[in-house]
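Here's the letter readout for the chains.
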Amino acid sequence: MNAADQVQDLVDAIAEAAGAPVTLEDRDLLLVASSGHDDVIDDVRRSSILRRRSDPLVQRLFAGFGIARATGPLRIPGDPAVGRLPRWCLPVRWRGVTYGYLWLLDPHDRVRVEDLERLHDALDLVAAHLATRARAADRTTWAVGELLSTEAGSRARAAEELQRDGLLPATVSVVALAPVDGGPAGVVNGWLLPRSVLVAAVGHRAALVVPAPLGAREVAERAAAALSSQHPAGLAVGVSGPVAAGDAHTGWQQADAALRSGGAGVREWERLGALRLNAVADPATLGAAVRDERARRLLAAEPELALTARTYLDLAGSAQRTAAALSIHRQTLYHRLRRVEAVSGYVLDDGRDRLALHLALVLGG
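- The protein has the name PucR C-terminal helix-turn-helix domain-containing protein in an unreviewed UniProt entry, where Kineococcus radiotolerans is given as its organism.

In structure tokens:
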């Protein structure tokens, strides 16, 4: 049985012993496990389970009751005006350090302090699991950041350290996540990912190093789902191809290029095509390189002309599919394509012109 399953079993056992529904959060207030709830639940608990983390406003509210300083069970009063039920908070401590919080809903004041004291042994086991996980994360977060850095010496030392600890296989994929509206991605809930996935923050982006046997896209989608509630505008996610562990920085460049290739959603390096050029230059530099005077004239003209040209070239010059995609008559399409040539100077029957125009619209539009 893996560690996550063991923690879930402990949470279920605590809920049964206490006669109250239970959730467990780590020190970052990310949801680790939850017992069954029947009909005893409030909006705070429901939101925590659905979002897989406490709402920031709720975090500040509970912090005001002193949960960070508590060394034993702490009763949090309810608030009928907002539908918040009373609950107990049990700090999950190991060797004097708090690694998480166990929450028991108690709307009818049936759970006594002496009931909670009998949970001591189970709580110690939970604390040991959270402490082990937290300490491993503390050791690896720095190393993962170095592994993906631009400094060759740092990368080599990080790879050696992670491989010595059995945390880095020979081949990996790298995932980058960032909110489309800017700002930091936030903390990925590692409890929702396979234990072998390494998680770190690189600048404002979240980074995952995924061992080759795992499906990198599936892991990326799970990480994005865990962060989605914090970013209503959506997350851009890039997934690299498989790379040697010692060359994970290349994987980070690939994932970053995939991330920058569009808006919200998951994009894979292996499927980027010409957009792989984003890995060798920033978008502004690349755009300036592929836009010639002809492209600038077209981009400055009516927007429908550039859209028509892009759609036509994306669909391999198929008039039938382009007209269908744009919901226009084929004669209207031919008229627009003649206008594209007249305005820009590109000759759409010339393969070199088509390539130049397509690159300008894809990379420099």
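Back to the text.
**Side note on the layout of surface pockets**
So, point 1. By volume, the largest pocket is sized at about 810 Å³.
So, point 2. Forming the walls of the largest pocket are 33 residues, and the residues nearest its centre are Arg133, Ala137, Thr140, Thr141 and Val199.
So, point 3. Of all the secondary structure elements, the ones that give two or more residues to the lining of the largest pocket are α5 (120-147), β7 (198-202) and β8 (205-211).
So, point 4. Looking at the lining of the largest pocket, the element that brings in the most residues is α5, giving eight residues.
So, point 5. Of the residues that constitute the lining of the largest pocket, the class distribution is 21 nonpolar, six polar and six charged.
So, point 6. Structurally, the lining of the largest pocket is a two-domain feature, drawing no fewer than three residues from each of domain 1 (3-133) and domain 2 (149-279).
So, point 7. Empty space within the second largest pocket amounts to approximately 230 Å³.
So, point 8. Taken together, Thr71, Gly72, Pro73, Leu90, Pro91, Arg93, Leu116, Glu117, His120, Leu123 and Asp124 make up the lining of the second largest pocket.

**Notes on unusual backbone geometry**
So, point 1. The phi dihedral of leucine 29 falls on the positive side, at around 60 degrees, and the residue is not glycine.
So, point 2. According to the relative accessible area criterion, leucine 29 is buried, its value standing at 12%.
So, point 3. Positive phi, close to 60 degrees, is recorded for alanine 316, a residue that is not glycine.

**A closer look at the packing of helix α1 (residues 3-18) against α5**
So, point 1. In the contact formed by α1 and α5, the axes pass within 10 Å of each other and the chain directions differ by 155 degrees. With respect to their mutual orientation, α1 and α5 come out roughly antiparallel. Of the two elements, α1 crosses α5, and the hand of that crossing is left-handed. Between α1 and α5, the contacting residues are Ala3, Gln6, Val7, Leu10 and Ile14 on the first element and Ala122, Leu125, Val126 and His129 on the second.
So, point 2. Looking at the contact of α1 with α5 residue by residue, the classes come out as seven nonpolar, two polar and no charged.

**Description of the domain arrangement of the protein**
In many reports, interface size means the accessible area that the parts give up when they come together.
So, point 1. Domain annotation for the protein reports domain 1 (3-133), domain 2 (149-279) and domain 3 (283-364).
So, point 2. Between the C-alpha centres of domain 1 and domain 3 the distance comes to 58 Å.

**A word on the packing of helix α10 (residues 293-300) against helix α14 (residues 351-363)**
So, point 1. Across the interface, α10 lies against α14 with an axial gap of 10 Å and an inter-helix angle of 55 degrees. For the element pair α10 / α14, the angle class is oblique. Relative to α14, α10 is oriented so that their crossing is right-handed. Across the interface between the two elements, Arg294, Ala295, Leu298 and Leu299 from α10 touch Asp353, Ala356, Leu357, Ala360 and Leu361 from α14.
So, point 2. Here the contact of α10 with α14 is built from residues that sort into seven nonpolar, no polar and two charged.

**Regarding helix α11 (residues 303-314)**
So, point 1. Taking 1.5 Å of rise per residue, the 12 residues of α11 would be expected to cover 16 Å, and the 17 Å separating its terminal C-alpha atoms lies within 8% of that figure.
So, point 2. Those residues of α11 not exposed but buried are Leu305, Ala306, Thr308, Ala309, Thr311, Tyr312 and Leu313.
So, point 3. Against α10, α12 (319-326), α13 (330-344) and α14 lie the buried residues of α11.
So, point 4. Of the residues trailing α11, alanine 316 is marked for its positive phi of about 60 degrees.

Conventions and cut-offs
Residues numbered from 1 in each chain as written. Predicted model: local features only at pLDDT ≥ 70, side-chain atom pairs only at ≥ 80, totals over all residues. Heavy atoms only, no water. 1 Å grid on protein atoms, 1.4 Å probe; cavity = no way out; pocket = protein on both sides within 12 Å on 5 of 7 lines; lining within 4 Å. Points joined across faces, edges and corners; volume = space filled by probe spheres on them. Helix = DSSP H or I, 4+ residues; strand = E, 2+ residues; numbered from the N terminus. Nonpolar A, V, L, I, M, F, W, Y, C, P; charged D, E, K, R; others polar. Domains from an automatic or database assignment. Buried < 20%, exposed > 50% of the residue type's maximum accessible area, 1.4 Å probe, protein only. Axes fitted to C-alpha atoms, helices over the stretch in contact; angles between N-to-C directions. Parallel < 35°, antiparallel > 145°, perpendicular 65-115°, else oblique. Left-handed = near helix turned anticlockwise from the far one by under 90°. Contact = heavy atoms within 4.5 Å. Expected span 1.5 Å × (residues − 1).

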